[in-house]
Amino acid sequence: MPVLYAQTPLRRGAQVLADVLVLAWVVAWAVVGRAVHAATLALGEPGLVLESGAQGVSRQLGRAGEVAGGVPFVGDELAGPFTAAGQAATGIADAGRRQVEVVGDLAALLGLVVAGIPVLLVVAVWLALRVRFARRASSVRRLLSQGADMRLFALRALVRQPVERIAAVSADPLGGWRGDDDAVVQGLARLELRAAGVRPPAAAAAASPSP
């Protein structure tokens, strides 16, 4: 099972705080994206009005054409202009509908882009850090459960940890490690374990105070 949070209180608290901040960031940009979507959709209202009005005119002209077509002898001639005008009104309604569709597609795209880019950037960084931590902490815990020698973690500390932290453990940390000085080895191992978010074993914790 992957390790999601550190065993050390400070590191675990920082991770929980980071999770909350990332969640708040996602929610905030989702709200912004919805606002952009709604504002862009408002641009399509003239198209809705145009479509509705043109459809109403087209229906009225169609009914007028039907009435005119019922006039004896000259019905077809009278109905012609009404029919043509109705068809033109239908074309205007279609244009209004297409405008609404285009604005709707644009609103969806803008809302997604405005919210998606900042969310993806932050979530990608957050996820990469959490995955790296999970892999490192899981590996360290597995080694500890298998009884790994503390000298291994001490050696990793000599390679990976900042010089000032190493110097706080011993004035000659490399010599202490080579000479198998238990206090130095446990102190260095404790540095590496805490950096991985893993609580040091009781022996390591008792061997050296916090630098």
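These lines cover the structure that appears in this document, whether it is placed above or below.

### Considerations on the nonpolar core
Here comes step 1: Counting 20 residues, the largest nonpolar core has V140, M150, F153 and L188 as its most contacted members.
Here comes step 2: For this core, the secondary structure elements donating two or more residues are helix 3 (75–145), helix 4 (150–160) and helix 7 (182–195).
Here comes step 3: If near-sequence neighbours (up to four positions away) are discounted, F153 is found in contact with V140, L143, L144, A148, L188, A189, E192 and L193.

### As for the side chain of T8
Here comes step 1: Assignment of secondary structure puts T8 in the segment before helix 1 (9–41).
Here comes step 2: If we ignore the near neighbours within four places in the chain, the residues touching T8 are R194, G197, V198 and R199.

### Some words on the pattern of salt bridges
Here comes step 1: In total, this model carries five salt bridges according to the counting rule given.
Here comes step 2: Across the pair R130 and D19 runs a salt bridge whose closest N-O atoms are separated by 2.7 Å. Here the residue R130 occupies a position in helix 3, and D19 occupies one in helix 1, the gap between them amounting to 111 residues. Accessibility classification places R130 together with D19 in one group, the buried group.
Here comes step 3: Linked through salt bridges whose partners overlap, the residues forming this network are R136, R156, R160 and E192.

### A closer look at the packing of aromatic side chains
Here comes step 1: Tallying each qualifying case throughout the model produces one aromatic pair.
Here comes step 2: Directly above the ring of Y5 sits R130, whose terminal nitrogen or CZ lies 4.8 Å from the centroid.
Here comes step 3: When the ring centre of W177 is taken as reference, the NZ or CZ atom of R151 above it lies at 4.5 Å.

### A look at helix 1
Here comes step 1: Counted at 1.5 Å a residue, the expected span for helix 1 with its 33 residues is 48 Å, and the 48 Å between its end C-alpha atoms agrees.
Here comes step 2: The complete set of buried residues in helix 1 reads Q15, D19, V22, G33 and T40.

Calculation notes
Residues numbered from 1 in each chain as written. Predicted model: local features only at pLDDT ≥ 70, side-chain atom pairs only at ≥ 80, totals over all residues. Heavy atoms only, no water. Core = buried A, V, L, I, M, F, W, Y, C linked by side-chain atoms within 4.5 Å. Buried < 20%, exposed > 50% of the residue type's maximum accessible area, 1.4 Å probe, protein only. Helix = DSSP H or I, 4+ residues; strand = E, 2+ residues; numbered from the N terminus. Contact = heavy atoms within 4.5 Å. Salt bridge = Lys/Arg side-chain N within 4 Å of Asp/Glu carboxyl O. Phe/Tyr/Trp six-rings, centres within 6.5 Å; stacked < 30°, edge-to-face > 60°. Lys NZ or Arg CZ within 6 Å of the ring centre and 35° of its normal. Expected span 1.5 Å × (residues − 1).

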